[in-house]
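Here is what each chain is made of, one letter per residue.
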Amino acid sequence: MGLGVIDLPAFSLEGTVEEVFYKKGLPKVVILKTALGTVWIKLEKSLRRELVQLPKAGDRLRLAGTISDKYDGWVKQYKASYLEFLATAQASTAKSSQLCRVLMCQKSSCCHRGAKELWQELEAQRLPITLKATGCMGECKRGPAVVVLPHKKRLTHATAQQIRELVLATEAQGVEDNGN
Ligand code: FES
């Protein structure tokens with residue numbers, strides 16, 4: 001009996017993005033709400049790299065790929081090699097971009113501690129935010145130093161994950177910026 005390649009079952013699903021998890025600035029897992037329920041779909045590495053538009057919550061997508069059994073068949077793992085945008089969440093992006101502003105120190109101490117990379121990562125994630133570079137915030141040894149508005153939340157050793165969580169919470173609550 002010769003060795004053969006096992007064909008994995010294929011899937012093709014349409015739905016609305018509930019959440020996207022990123023790794024190194026690229027989308028790794030998409031949680032998709034479909035007619036059959038909510039499905040976690042991992043994007044193939046090759047697909048992540050070739051995306052010219054990054055998915056975000058509210059987008060409608062078609063994802064296709066293969067399904068494998070993990071943990072003795074307990075878990076079905078969806079792996080996508082194809083992603084198509086059916087509609088993008090323009091309206092919510094425009095609305096929430098007025099809500100969240102991320103002020104980030106771009107002075108040398110913070111840049112030595114990753115402020116430039118953090119900036120690039122946030123840009124790549126295409127979060128509904130306005131990014132603004134600032135001068136020193138007096139947190140030089142604890143950079144990157146960030147303030148997220150409208151929360152006025154100060155972050156030190158800031159990470160993209162922390163900022164993302166604040167932004168998503170703002171989107172969910174519709175927090176209003178009341179100025180100073
Ligand atoms: S250099 Fe960033 S807080 Fe001082």
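Cut-offs used in this document
- Position numbers for residues count from 1 along each chain, tracking the sequence in the order it is written.
- The predicted nature of this model means local features are confined to residues of pLDDT at least 70 and side-chain atom pairs, given and counted, to a pLDDT of 80 or more, with totals for whole chains, interfaces and linings taken over all residues.
- Here a helix means four or more residues in a row that DSSP labels H or I, a strand means two or more in a row labelled E, and each is numbered from the N terminus.
- Note on burial: count the other C-beta atoms lying within 10 Å of the residue's C-beta; 20 or more is buried, 12 or fewer is exposed, in between is partly exposed, and C-beta positions come from the backbone.
- One requirement defines pairing of two strands: DSSP has to find at least two bridges between them.
- Between the N-to-C directions of two axes lies an angle of 0 to 180 degrees, each axis being a line fitted to C-alpha atoms and, for a helix, fitted only over the stretch in contact.
- Placing a C-beta atom from the backbone of each residue, one calls two residues in contact when those atoms lie within 7 Å.
- We define the nonpolar core as any set of buried residues of the types Ala, Val, Leu, Ile, Met, Phe, Trp, Tyr and Cys, connected via C-beta atoms lying within 7 Å of each other.
- Confidence of the prediction at every residue is given by pLDDT, a number between 0 and 100.

A look at unusual backbone geometry
The omega angle of the peptide bond from Gly-143 to Pro-144 is -5°, so this bond is cis rather than trans. Here Pro-144 shows up in the loop between β7 (130-134) and β8 (146-149). Residues other than glycine seldom take positive phi values, yet His-157 does so here, at roughly 50°. Within the element layout of this structure, His-157 appears in the loop between β9 (153-155) and α5 (160-173). Given 14 C-beta atoms within 10 Å, His-157 falls into the partly exposed group.

Details of the environment of Ala-35
Note that Ala-35 resides in the loop between β2 (26-34) and β3 (37-43). Each C-alpha atom of the pair Ala-35 and Gly-15 lies 7.2 Å from the other, and the pair is 20 residues apart in sequence.

Concerning the sheet that holds strand β6 (residues 101-105)
With respect to topology, 4 strands assemble into an open sheet ordered β7-β6-β8-β9, the strand pairing being mixed. Both edges of this open sheet fall to β7 and β9, since each of them pairs with a single strand only. Neighbour-to-neighbour, the strand axes of the sheet open up by a mean angle of 20°, direction not taken into account. Where β6 meets β8, 4 bridges bridge the pair, whose relative direction is antiparallel. Residue pairing across strands places Met-104 opposite Val-146, the latter belonging to β8. Against the sheet, helix α4 (residues 115-125) makes contact with β6 and β7, and its axis sits at roughly 160° relative to β6, the strand it touches most.

A closer look at the nonpolar core
Within the largest apolar cluster, 20 residues are counted, with the highest numbers of intra-cluster contacts made by Val-102, Met-104, Val-146, Val-148 and Ile-163. Contributions of two or more residues to this core are made by β6, α4, β8 and α5. Top contributing element to this core by residue count: α4, with 4 residues. Aside from chain neighbours lying at most four places away, what touches Met-104 is Ala-115, Leu-118, Trp-119, Leu-131, Ala-133, Thr-134, Pro-144 and Val-146. Residues Leu-43, Ala-57, Leu-63 and Ala-80 belong to the second largest nonpolar core, which totals 12 residues.

Regarding the pairing of β6
Bridging between β6 and β7 involves 5 bridges; their strand directions are parallel. Counted as the bridge partner of Val-102 is Leu-131 from β7.

Observations concerning the confidence of the model for the chain
Per-chain confidence: the chain averages 82 in pLDDT, with 83% of residues scoring 70 or above. Looking over the chain, one finds the lowest element-wise mean pLDDT in helix α2 (residues 90-97), namely 47, and the highest in helix α3 (residues 108-112), namely 95. Predicted confidence for residues 91-97 stays below pLDDT 50, and this span has 8 contacts to residues more than four positions away or in other chains. Overall, residues 175-180 carries pLDDT values under 50, and its contacts beyond four positions in sequence, including any with other chains, amount to 8 contacts.

Here's the deal with the pairing of β3
As paired strands, β2 and β3 are joined by 6 bridges and run antiparallel to one another. The partner of Ile-31 across the bridge, within β3, is Trp-40.

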